[in-house]
Amino acid sequence: RHCSEVKRLCCCESYGKAHSELVCCNPHHLSRLCELESPPPPYSRYPMDFLKPTADCPDSVPSSTETGGTNCLAPGGLSDSQVLQEPGDRSHWCVVAYWEEKTRVGRLYSVQEPSLDIFYDLPQGNGFCLGQLNSDNKSQLVQKVRSKIGYGIQLTKEVDGVWVYNRSSYPIFIKSATLDNPDSRTLLVHKVFPGFSIKAFDYEKAYTLQRPNDHEFTQQPWTGFTVQISFVKGWGQCYTRQFISSCPCWLEVIFNNR
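Every value quoted in this text rests on a predicted model; they were computed, and no experiment measured them.

**Q** Explanation requested: the overall build of the protein in the structure shown.
**A** Counting its regular elements, the protein contains 4 helices and 13 strands. Counting over 258 residues, the protein shows a buried share of 47%. In the protein, once contacts between residues fewer than 6 apart in sequence are set aside, the share between residues at least 24 apart is 62%. Taken as a whole, the protein presents about 13900 Å² of accessible surface, with 51% of it coming from carbon and sulfur.

**Q** Before we go on, may I ask you to explain the sheet that holds strand S12 (residues 226-231) in this structure?
**A** The strands making up a sheet associate through hydrogen bonds between their backbones, and the pairing can be parallel or antiparallel. Read across the open sheet, the 6 strands follow the order S4-S3-S13-S12-S9-S10; overall the sheet is antiparallel. Looking at the sheet topology across the chains shown, the edges are occupied by strand S4 (103-111) and strand S10 (189-192). Neighbour to neighbour, the strand axes of the sheet diverge by 20 degrees on average, direction disregarded. Across 4 bridges, strand S9 (residues 172-175) lies against S10 in antiparallel orientation. Bridge pairing links Lys175 to Val189 in S10.

**Q** So what exactly am I meant to see when it comes to the environment of Ser31 here?
**A** With respect to the helices and strands, the residue Ser31 is situated in strand S2 (residues 30-33). Put simply, Ser31 and Arg167 are 136 residues apart on the chain and 9.5 Å apart in space, counted from C-alpha to C-alpha. Not counting the four nearest positions on each side in its chain, Ser31 is found in contact with Glu5, Val6, Lys7, Leu9, Tyr165, Gly195, Phe196 and Ser197. Within the structure, the side chain of Ser31 is placed 2.5 Å from the side chain of Ser197, a separation counted as a polar contact.

**Q** Please clarify how the environment of Gly131 should be interpreted in this entry.
**A** Mapped onto the elements, Gly131 comes out in the loop between strand S6 (127-129) and helix H2 (140-149). Considered as a pair, Gly131 and Gly150 are 19 residues apart in the sequence and their alpha carbons are 9.7 Å apart. Not counting residues within four places of it along the chain, the set of residues in contact with Gly131 comprises Phe119 and Tyr120.

**Q** How should the nonpolar core be read in this particular structure?
**A** As a rule of thumb, soluble globular proteins bury nonpolar side chains together. Formed by 38 residues in total, the largest nonpolar core has its most connected members in Val96, Ile174, Phe231 and Phe255. When residues in this core are grouped by element, the largest group, 4 residues, is from strand S11 (residues 196-201). When sequence neighbours within four positions are dropped, the list of residues in contact with Ile174 reads Val164, Leu179, Leu188, Val189, His190, Val192, Ile198, Ala200, Val227, Gln228, Ile229 and Trp235.

**Q** Can you help me understand the pairing of S9 in this one?
**A** On any regular strand, side chains alternate: one points to one face of the sheet, the next to the other face. Side chains of S9 alternate between two faces, with Ile172 and Ile174 and Phe173 and Lys175 buried alike. Bridge count between S9 and S12: 4 bridges; the pairing is antiparallel. Residue pairing for S12: Ile174 is matched across the bridge by Ile229.

Conventions and cut-offs
- Residues numbered from 1 in each chain as written.
- Predicted model: local features only at pLDDT ≥ 70, side-chain atom pairs only at ≥ 80, totals over all residues.
- Heavy atoms only, no water.
- Helix = DSSP H or I, 4+ residues; strand = E, 2+ residues; numbered from the N terminus.
- Buried < 20%, exposed > 50% of the residue type's maximum accessible area, 1.4 Å probe, protein only.
- Contact = heavy atoms within 4.5 Å.
- Areas by Shrake-Rupley, 256 points an atom, 1.4 Å probe, with all protein chains shown as cover.
- Pairing = 2+ DSSP bridges.
- Axes fitted to C-alpha atoms, helices over the stretch in contact; angles between N-to-C directions.
- Polar contact = N/O pair within 3.5 Å; in protein donor to acceptor, adjacent residues only side chain to side chain.
- Core = buried A, V, L, I, M, F, W, Y, C linked by side-chain atoms within 4.5 Å.

Written as structure tokens, this is what we have:
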């Protein structure tokens, strides 16, 4: 109904042009903006200690909010992101981990390009293909959800933050500290329908969530710099699955806070 309800995708030539003489009107180059849900009642909120930094991993090593960092290290003591980072490469702005229930599948995927497609089957994108990862999970539910990932999602780093576009034919679910009110004591799980976009992470807002003069914040991984995304199945207070580690297929996106 209004241009403020849609967002131009990075695949469009008019992307990033605020005052272009010719503006593309291709509907496939636009997505709808996701509206955030209302916060839950106070009795279901978590303490603010949930947002405190963790000290389980060494400096500069991405930390898993589900495992406390114990599964994020490759053999030899190096993190997967450090293994993937070749000399002379640009610094990554995030790393992505793919999980099936409580098991991480494959290694961390280091992201340097401003836009990344995460999908299941080739040739449905140019980026992180989940179908090429070796998985030993025999669960029928995991197999069923895998088959529904399809075109998956698109991560895009922009000036105002990181956006997620749902390219698949099924909903995705997102939890991020910067999606909620700063005074809220919970992290809501937001449902994003196919064809919708959501600003999943806001760098400026993330830094305002730190405690004043907190030296640990700049030295250690922090849950405020992590976004969790599940495919098809949701979790949290509105679902039978209370934790994302019970979801069949999900992603953990860990942002570089340096």
